[in-house]
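Reading the structure
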Amino acid sequence: MTQTTEPTAVVNEGRPTRRHRIHRAWFVAAVTFVTIIGAAAFRSLPGLLIDPLHQEFGWSRGTIGAAASINLALYGLTAPFAAALMDRFGIRRVVAVALTVIALGSGLTVWMTAPWQLLLCWGLLVGLGSGSMALAFAATVTNRWFTARKGLVTGILTAASASGQLIFLPLLSWIVEEHSWRPAAVTVSLAALAVVPFVWLLLRDHPADVGAKPYGATEFVPKPEPVPGAARRTIGVLFKAVRTGPFWLLAGTFAICGASTNGLIQTHFVPAAHDHGMPITAAASLLAVIGVFDVVGTIASGWFTDRFEPRRLLAVYYALRGISLLFLPMLLAPTVHPPMLFFIVFYGLDWVATVPPTLALCREQYGEDSAIVFGWVLASHQIGAALVAFLGGVARDAFGSYDMVWYVSGALCAVAALMALVIRRRPVMGMRPVAVA
């Protein structure tokens, strides 16, 4: 009997790769995970800055919230262009530059004396840099390096941001409490710079760069030529996507997701808890605990997305999140008690569990353009977050509490649950669909 070559074998320098070796894609995913963790430091700081900046400079919470709002908006609006830039210039270059910009923006804040400088450094520079490190980075790595286990890998990479929050929130809150906010800003800057060598030396743009196939693929995939006109392509994909109903439903649900997480809890939970007499370090520790369970919830959501209908998953996630927010005003107190811990665990499991099913729906509907479309959907996520980051601060200045913000956000989550259920299943015509074997 004539033996045939196994189609799944990878040839490297004339020798077949051993089957038991770990696929290179998992190493790339690991480097991506560490990179996102290092970049997560900047996401841990805004909520810790509101009270110290208000006390030192006398700036209103609305003004400080405006800087966080610009940061969150640019985080989202930069993401789709970053995905196209990665196609044009490669993942390594884009991510290395983005981390450097984050470090520059955070480091310059230590010399600021006026609100416009906060808007420039933390709003503009950190916003642009962080936008290039947004979930479009994870989506691009997943699409290039994985054919199988995409939902699981998406969940793991999404959880990296929560892992970074878990690492940095307690540290940064202690630094702010003991040594003021400036050393905390320097810590963020150094954390971003420390990741750059890992990106440059260990990250690879495409499996073909190392003579490998994407994980789970049966055939070798050649590296595509650089795509010129990144901005033109990004805008073109948007123009095609906005003519489809699923795009608006995905963008609407994800805007509410951002409003109820990054804009609301991440920005305003610490000052809201402090309003009720809770120490800043205790409130920041609760946010870190959210990060612990966020890791579990997001990875589990990725596993569920590989097996269950993503629309129904989204509906369940948003409904449960909305219910939990309605109870939060009754749980805030000077000390941490069991009902608050239950909220933290429950909310943590649901924090970004919406990402894997949302990204799966983008892949289903928009095929090869899905990373860029997801970038635009992520932009809506951050616009929602930006609005609530700003309006939450305005509401606190106007009403003296955050109660109204919690209730409105809970109601919006109920709307998002209904929107998720009406997303149609068939792929949208006019976009490049995913090839089905």
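Residues numbered from 1 in each chain as written. Predicted model: local features only at pLDDT ≥ 70, side-chain atom pairs only at ≥ 80, totals over all residues. Heavy atoms only, no water.

1. Here's the deal with the nonpolar core
The condition that has to hold: We call a set of buried Ala, Val, Leu, Ile, Met, Phe, Trp, Tyr and Cys residues a nonpolar core when their side-chain atoms join them within 4.5 Å. The buried label goes to any residue with under 20% of its type's maximum accessible area, the exposed label to any with over 50%, and the partly exposed label to all in between, with areas taken from a 1.4 Å probe on protein chains only. To qualify as a helix, a DSSP run of H or I must reach at least 4 residues; to qualify as a strand, a run of E must reach at least 2; elements of each kind are numbered from the N terminus.
Counting residues in hydrophobic clusters, the biggest one holds 88 residues, and the most contacted among them are Leu45, Leu48, Phe247, Ile265, Phe269 and Met340. Looking at this core element by element, the count peaks at 9 residues for helix α17 (residues 370–399).

2. Some points on the environment of serine 409
Applicable threshold: Two residues qualify as a contact provided that any one of their heavy atoms is within 4.5 Å of a heavy atom in the partner residue.
Within the secondary structure layout, serine 409 lies in helix α18 (residues 403–421). Spatially, the C-alpha atoms of serine 409 and arginine 321 are 9.4 Å apart, while their sequence positions differ by 88 residues. Discounting chain neighbours no more than four positions away, the residues touching serine 409 are Leu264 and Leu325.

3. Observations concerning the environment of glycine 258
Its location among the elements puts glycine 258 in helix α11 (residues 245–260). Residue glycine 258 is classed as buried on the basis of its relative accessible area of 0%. With near-sequence residues (within four places) excluded, glycine 258 lies in contact with Gly263, His381, Gly384 and Ala385.

4. Here's the deal with the packing of aromatic side chains
So the rule is basically this: Centres within 6.5 Å make a pair out of two Phe, Tyr or Trp rings, where for Trp the six-membered ring is used; the pair is then stacked when the planes are under 30 degrees apart, edge-to-face when over 60, and tilted otherwise.
Summed over the entire model, instances satisfying the criterion amount to 10 aromatic pairs. Where tryptophan 26 meets phenylalanine 146, the ring centres are 5.0 Å apart and the plane angle is 70 degrees; that geometry is what we call edge-to-face. Of this pair, tryptophan 26 sits in helix α1 (residues 24–39) while phenylalanine 146 sits in the loop between α7 (135–145) and α8 (150–179), and the two are 120 residues apart along the sequence. Their ring planes at 70 degrees and their centres at 5.6 Å tell us that tryptophan 303 and phenylalanine 304 sit as a pair that is edge-to-face. Classification of tryptophan 303 as partly exposed rests on a relative accessible area of 39%. A relative accessible area of 31% places phenylalanine 304 in the partly exposed class.

5. A look at the confidence of the model for the protein
Just so we agree on the cut-off: Confidence scores labelled pLDDT are given residue by residue by the predictor and lie between 0 and 100.
Taken residue by residue, the protein gives an average pLDDT of 80. The fraction at 70 or more is 88%. When pLDDT is averaged over each helix and strand of the protein, the minimum, 46, is found for strand β2 (residues 15–16) and the maximum, 92, for α11. Scored below 50 in pLDDT, residues 1–18 makes 14 contacts in the model with residues more than four places away or belonging to other chains. Note on residues 432–437: pLDDT under 50 across the span, and 8 contacts to partners over four residues away in sequence or across chains.

6. Structural notes on the packing of helix α4 (residues 61–89) against helix α6 (residues 115–132)
Threshold: Lines fitted to C-alpha atoms define the axes here, with helix axes fitted over just the stretch in contact, and angles between the N-to-C directions of these axes take values from 0 to 180 degrees. Should an angle fall under 35 degrees it is called roughly parallel, over 145 degrees roughly antiparallel, and 65 to 115 degrees roughly perpendicular, with every other angle called oblique. It is the rotation of the near helix from the far one that decides the hand of a crossing: anticlockwise by less than a right angle makes it left-handed, clockwise makes it right-handed. Amino acid classes used here: Ala, Val, Leu, Ile, Met, Phe, Trp, Tyr, Cys and Pro are nonpolar; Asp, Glu, Lys and Arg are charged; the rest, including Gly, are polar.
Close contact between α4 and α6 brings their axes to 6 Å; oriented N to C, the two are set at 30 degrees. Between α4 and α6, the crossing angle belongs to the class labelled roughly parallel. In the packing of α4 onto α6, the handedness of the crossing is right-handed. Residues Thr63, Ile64, Ala66, Ala67, Ile70, Asn71, Leu74, Tyr75, Thr78, Ala79, Ala82 and Met86 of α4 pack against Pro115, Leu118, Leu119, Trp122, Gly123, Leu124, Val126, Gly127, Leu128, Ser130, Gly131 and Ser132 of α6. A class-by-class count of the residues in the contact of α4 with α6 yields 16 nonpolar, 8 polar and no charged.

7. Some thoughts on the packing of helix α12 (residues 262–275) against α17
Between α12 and α17, the least distance of the axes is 7 Å, while the angle of their chain directions is 25 degrees. The pairing of α12 with α17 is recorded here as roughly parallel in orientation. Between α12 and α17, the residues in contact are Asn262, Gly263, Leu264, Thr267, His268 and Asp275 and His381, Gln382, Ala385, Val388, Ala389, Gly392, Gly393 and Arg396, respectively. For the contact of α12 with α17, the per-class residue count stands at 4 nonpolar, 8 polar and 2 charged.

8. As for α4
Note the following rule: Helix span, expected: 1.5 Å multiplied by one less than the number of residues in the helix. What the bend at a residue measures is the angle between two axes, fitted to the seven residues ending there and to the seven starting there.
Helix length check: α4 (29 residues) gives 39 Å between terminal C-alpha atoms against 42 Å at 1.5 Å per residue, within 8%. The largest bend in α4 amounts to roughly 35 degrees and is located at alanine 79, with the proline proline 80 lying one to four residues further along. Backbone geometry just downstream of α4 places glycine 90 in the positive-phi region, at approximately 100 degrees.

9. Considering the environment of arginine 182
Test applied: Side-chain atoms alone can form a polar contact between residues adjacent in sequence; in general such a contact is a pair of N or O atoms within 3.5 Å, and within protein one must be able to donate a hydrogen while the other accepts it.
With respect to the secondary-structure elements, arginine 182 resides in helix α9 (residues 181–202). When the C-alpha positions of arginine 182 and tryptophan 111 are compared, they lie 8.8 Å apart, and in sequence the two are 71 residues distant. Here valine 110 takes part through its backbone oxygen, which lies 3.0 Å from a polar atom of the side chain of arginine 182.

10. What to know about the pattern of salt bridges
The following threshold applies: Salt bridge, as applied in this entry: a Lys or Arg side-chain nitrogen positioned within 4 Å of an Asp or Glu carboxyl oxygen.
Under the criterion given, the structure shown has 5 salt bridges. The residue arginine 396 makes a salt bridge to aspartate 275 at a minimum N-O spacing of 2.6 Å. Of the two residues, arginine 396 is situated in helix α17 and aspartate 275 in helix α12; the sequence distance between them amounts to 121 residues. Taken together, the shared-partner salt bridges in this structure form one network comprising Glu309, Arg311 and Glu364.

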